[in-house]
Amino acid sequence: MIRRAQSDMSFHRDGHQSAYINGVVGRADSLSWQVLDFLTDAYVGMDSSGRVLQWNRAASSMFGWSHQEAIGQLLTELVHICEEHSDCALRDVQTVQSLVGSVSPHTLRRRDGTDLAVEVFITAVDSGPQPTFHVLIRDLIEIHTVRRSIGATFKAVFDNAPIGIAVVGLDGSFQRVNQALCQITGYQEHELTQLTFQ
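What comes next is a walk through the structure. All of these numbers come straight from a predicted model, not from anything done at the bench.

Reading guide: rules and limits
- Residues numbered from 1 in each chain as written.
- Predicted model: local features only at pLDDT ≥ 70, side-chain atom pairs only at ≥ 80, totals over all residues.
- Heavy atoms only, no water.
- Helix = DSSP H or I, 4+ residues; strand = E, 2+ residues; numbered from the N terminus.
- Buried < 20%, exposed > 50% of the residue type's maximum accessible area, 1.4 Å probe, protein only.
- Contact = heavy atoms within 4.5 Å.
- Areas by Shrake-Rupley, 256 points an atom, 1.4 Å probe, with all protein chains shown as cover.
- Phe/Tyr/Trp six-rings, centres within 6.5 Å; stacked < 30°, edge-to-face > 60°.
- Lys NZ or Arg CZ within 6 Å of the ring centre and 35° of its normal.
- Pairing = 2+ DSSP bridges.

## Let's talk about the overall build of the protein
Moving on, step 1. A tally of regular secondary structure across the protein gives eight helices and seven strands.
Moving on, step 2. Residues counted as buried form 29% of the 198 residues belonging to the protein.
Moving on, step 3. In the protein, once contacts between residues fewer than 6 apart in sequence are set aside, the share between residues at least 24 apart is 28%.
Moving on, step 4. If you sum the accessible surface of the protein, you get close to 12,600 Å²; carbon and sulfur atoms cover 56% of it.

Written out as structure tokens, the structure is:
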């Protein structure tokens, strides 16, 4: 550890400090991009004029444009934002700036012309004279599908559990009961949901 620190100090004294720092920053940028590229949500890095600087794999999959095709293009052209959608707040950079820090629903259009309901989260980072925007886009249809699947799984486990299970409200009322609990208590489901736990 001490040898490493001494070699780093001599490295800096030799006038190579900026090369060393640039190497560290370059490795950090590379790692950051690797993380962003493998997100399940679409990620778009955008300059202040609305041109795409970064476009991850999920964005390619979601919208149909490859990384190479997307870089340098206006985001509004790639996601086919059209005037007939009243919630297309991503039409211009001024509107994008007003959305920074919030999650908002939008309808965007894929390359193939199909519409896609999404949630958009935007952050801005000052990176020189103009901010850089970082946009995360989540497919709402996929979210609803997963939620339905989880709900169906929970219902199947709840209903078929060999032990008695109840969902109880804050007021002590039985909100939901399974068949095993009905057998244990001797009550029917509709009777138990009329009772309170307390």
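## A look at the packing of aromatic side chains
Moving on, step 1. Overall, the coordinates contain two aromatic pairs when judged by the stated rule.
Moving on, step 2. The aromatic ring of Trp65 is capped on one face by Arg111, whose charged end is 3.9 Å from the ring centroid.
Moving on, step 3. Taking NZ or CZ as reference, Arg176 lies 4.6 Å from the ring centre of Phe158, over its face.

## Concerning the environment of Gln175
Moving on, step 1. Position of Gln175 relative to the elements: it lies in strand 7 (residues 174-177).
Moving on, step 2. Along the chain, Gln175 and Leu195 lie 20 residues apart, while their C-alpha atoms are 9.5 Å from each other.
Moving on, step 3. Setting aside chain neighbours within four positions, we find Gln175 in contact with Val167, Val168, Gly169 and Thr193.

## Quick look at the pairing of strand 3 (residues 103-109)
Moving on, step 1. Alignment of strand 3 against strand 4 (residues 115-126), held across seven bridges, turns out to be antiparallel. In the strand pairing of strand 4, His106 is matched with Val118.
Moving on, step 2. Counted along the chain from strand 3 to the antiparallel partner strand 4, the turn is five residues long, and its residue Gly113 has a positive phi close to 95 degrees.

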